[in-house]
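Each chain, letter by letter, is given below.
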Amino acid sequence: MTTISTVAVTGASGFVGRNMVRALLDAGYSVRALVRDREKARSVLPAAAGRLTLVVGDVTDPRSVEDLVQGTQACVQLVGIIREVKRLGQTFHRMHVEATRVDVAACEETGVK
């Protein structure tokens, strides 16, 4: 049985994500949070000296997600959008389907639950 001490979270600076990060930290876990904007993340995520690591990247980029899940035992995928911005490549399919596939593939490859 694997003991979970570090959890990766995608969508960490979003509404649900920031609350999940806070709950995980409050429960004693360390968190690796995938964020697009480090400054935004710092403004909405709790300060947790040594227990919160921000990983700047793109949830649809396999390398970013592989970097995120390194050294973790579990991953929570919380990326979600409520409107599309097609000119920026932010579509429901890309963010809800493709990003999830990238996340699952990175976890399977590295043995993360």
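The notes below deal with the structure included here. (Residues numbered from 1 in each chain as written. Predicted model: local features only at pLDDT ≥ 70, side-chain atom pairs only at ≥ 80, totals over all residues. Heavy atoms only, no water.)

### What to know about the pattern of salt bridges
So, point 1. Counted by the stated rule, this structure contains three salt bridges.
So, point 2. A salt bridge links Arg-32 to Asp-67; the shortest N-O distance between them is 3.8 Å. Of the two residues, Arg-32 is situated in strand β2 (residues 30–35) and Asp-67 in helix α3 (residues 62–69); the sequence distance between them amounts to 35 residues.
So, point 3. A residue is classified by how much of its surface remains accessible, and Arg-32, at 17% relative accessible area, is buried.
So, point 4. Asp-58 is paired through a salt bridge with Arg-94; the nearest N and O atoms lie 3.5 Å apart. Of this pair, Asp-58 sits in the loop between β3 (52–56) and α3 while Arg-94 sits in helix α4 (residues 92–110), and the two are 36 residues apart along the sequence. (Salt bridge = Lys/Arg side-chain N within 4 Å of Asp/Glu carboxyl O. Helix = DSSP H or I, 4+ residues; strand = E, 2+ residues; numbered from the N terminus. Buried < 20%, exposed > 50% of the residue type's maximum accessible area, 1.4 Å probe, protein only.)

### What to know about the pairing of β3
So, point 1. In terms of strand pairing, β2 meets β3 through five bridges, oriented parallel. Paired with Val-31 across the strands is Leu-52, a residue of β3.
So, point 2. Remark: the β2/helix α2 (residues 38–44)/β3 crossover connection has right-handed handedness. (Pairing = 2+ DSSP bridges. Right-handed = clockwise from strand over helix to strand, strands pointing away.)

### A short note on the sheet that holds β2
So, point 1. The four strands lie next to each other as β3-β2-β1-β4, forming an open sheet whose pairing is parallel. Only two strands of the sheet have a single neighbouring strand rather than two, namely β3 and β4 (74–77). Here the strands of the sheet are splayed against their neighbours by 20° on average, with no regard to which way each runs.
So, point 2. Pairing of strand β1 (residues 6–10) with β2 involves four bridges; the strand directions are parallel. Along β2, the bridge assignment pairs Thr-6 with Ser-30.
So, point 3. Most of the contacts of α3 go to β2, to which it runs at about 165°, and overall it touches β1, β2, β3 and β4.
So, point 4. Taken strand by strand, α4 contacts β1 and β4, and its axis lies near 180° from that of β4. (Axes fitted to C-alpha atoms, helices over the stretch in contact; angles between N-to-C directions. Contact = heavy atoms within 4.5 Å.)

### Here's the deal with the environment of Val-21
So, point 1. Relative to the helices and strands, Val-21 is located in helix α1 (residues 15–26).
So, point 2. The sequence separation of Val-21 and Val-9 amounts to twelve residues, and the corresponding C-alpha distance is 7.4 Å.
So, point 3. In this structure, Val-21 is in contact with Val-9, Ala-12, Val-31, Leu-45, Pro-46 and Leu-52, ignoring residues within four places of it in sequence.

### Topic: the side chain of Ser-64
So, point 1. For Ser-64, the position within the fold is in helix α3.
So, point 2. Looking at Ser-64, the relative accessible area reads 11%, which means it is buried.
So, point 3. Apart from the residues lying within four places of it in its own chain, the contact partners of Ser-64 are Leu-34, Val-55, Gly-57 and Asp-58.

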